[in-house]
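Chain and residue survey
So you can see what is in the structure, the chains are spelled out below.
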Amino acid sequence: NRQTMQQSLVLFSALCSLSAGALVPIPYSRGAQVVFTESKAPNVEKIPAPGIKIFNNVRIAAPAPVVYSAPSPIVQAAPAVYSAPAPAVYSAPAPVVQAAPAVYSAPVPVVQAVPAVYSAPIPAVYSAPSPVVVAEAPSPLDAPNPPMPSLDIPHRGGQYHAQDELGQYAFGHYGGPNTRVESKDYLGRVTGSFAYIDGEGDVQVRKYAAAPGMGTKVAGSDIPVDPNH
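Residues numbered from 1 in each chain as written. Predicted model: local features only at pLDDT ≥ 70, side-chain atom pairs only at ≥ 80, totals over all residues. Heavy atoms only, no water.

A word on the pattern of salt bridges. This model, assessed by the stated rule, comprises four salt bridges. Two residues, Asp202 and Lys53, come together in a salt bridge whose shortest N-O distance is 3.0 Å. Here the residue Asp202 occupies a position in the loop between β7 (190–197) and β8 (203–211), and Lys53 occupies one in the loop between β2 (44–46) and β3 (132–135), the gap between them amounting to 149 residues. A salt bridge links Arg180 to Glu182; the nearest nitrogen and oxygen atoms lie 2.6 Å apart. Given a relative accessible area of 10%, Glu182 falls into the buried group. (Salt bridge = Lys/Arg side-chain N within 4 Å of Asp/Glu carboxyl O. Helix = DSSP H or I, 4+ residues; strand = E, 2+ residues; numbered from the N terminus. Buried < 20%, exposed > 50% of the residue type's maximum accessible area, 1.4 Å probe, protein only.)

This paragraph deals with the confidence of the model for the protein chain. With 62% of its residues at a pLDDT of 70 or more, the protein chain has an overall mean of 77. Every residue in residues 3–8 is under pLDDT 50, and counting partners more than four places away or in other chains gives zero contacts. In this model residues 10–26 is a low-confidence stretch, pLDDT under 50, and it forms three contacts with partners more than four residues away in sequence or in other chains. (pLDDT = per-residue confidence, 0-100. Contact = heavy atoms within 4.5 Å.)

Take empty space enclosed by the protein next. Over the atoms rolls a probe the size of a water molecule, and in doing so it shows where empty space is left. Counting across every chain of the model gives one cavity of 30 Å³ or more. Computed from the structure, the largest cavity encloses a volume of approximately 50 Å³. Every residue lining the largest cavity is listed: Ser39, Ala137, Pro138, Ala209, Ala210, Ala211, Met214, Gly215, Thr216 and Lys217. Elements represented by at least two residues in the lining of the largest cavity include exactly β8 and β9 (215–220). Tallied by class, residues from the lining of the largest cavity come to six nonpolar, three polar and one charged. (1 Å grid on protein atoms, 1.4 Å probe; cavity = no way out; pocket = protein on both sides within 12 Å on 5 of 7 lines; lining within 4 Å. Points joined across faces, edges and corners; volume = space filled by probe spheres on them. Nonpolar A, V, L, I, M, F, W, Y, C, P; charged D, E, K, R; others polar.)

Here you go:
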């Protein structure tokens with residue numbers, strides 16, 4: 001009936017408006033030149049540990065090594081050495097050298113100069129300047145926190161991975177003694193983090209960030225601290 005048709009048109013209009021809002025293009029061109037601002041974050045930075053202990057490390061004293069003394073070597077007298085008589089040396093007669101025959105050189109041919117060839121000048125080609133995009137450099141502290149590792153039995157974990165045609169991606173895995181997450185945006189900025197259980201049974205976290213031409217910056221709870229500072 002007429003009322004059902006009107007309701008269908010209203011629902012169709014709402015779906016079209018939602019699709020148009022979800023497909024907003026990213027204001028970025030593949031040929032654009034990306035310039036990153038200077039990052040204030042240090043290249044290496046210490047961050048607090050999560051404070052999670054998975055197990056206590058039990059130290060077992062190593063057994064004392066058994067030392068055996070080596071037997072004294074037996075030294076035998078060296079055999080007598082006799083020198084052989086020097087051989088007689090006879091000088092060979094001097095060789096007879098004959099004079100080399102006279103060599104006559106052929107006359108040098110006359111080479112005529114090749115006429116000069118002039119090429120037409122190559123026309124100059126000017127390309128239009130590429131647009132410049134100014135973006136903020138990533139910081140390792142902006143990276144997401146990784147899932148905490150575990151030693152649960154039975155094992156419970158998983159992984160994921162997604163990417164698109166602009167070069168953006170995101171992946172990660174969780175569960176077990178180490179975990180990790182990482183992502184990259186359409187400007188080439190990469191941020192990520194991972195966690196693991198060290199030999200003392202404590203959970204340690206490491207975060208990192210990188211961008212084209214900017215290098216990599218790291219922040220971690222397992223980075224040693226200089227006691228003089």
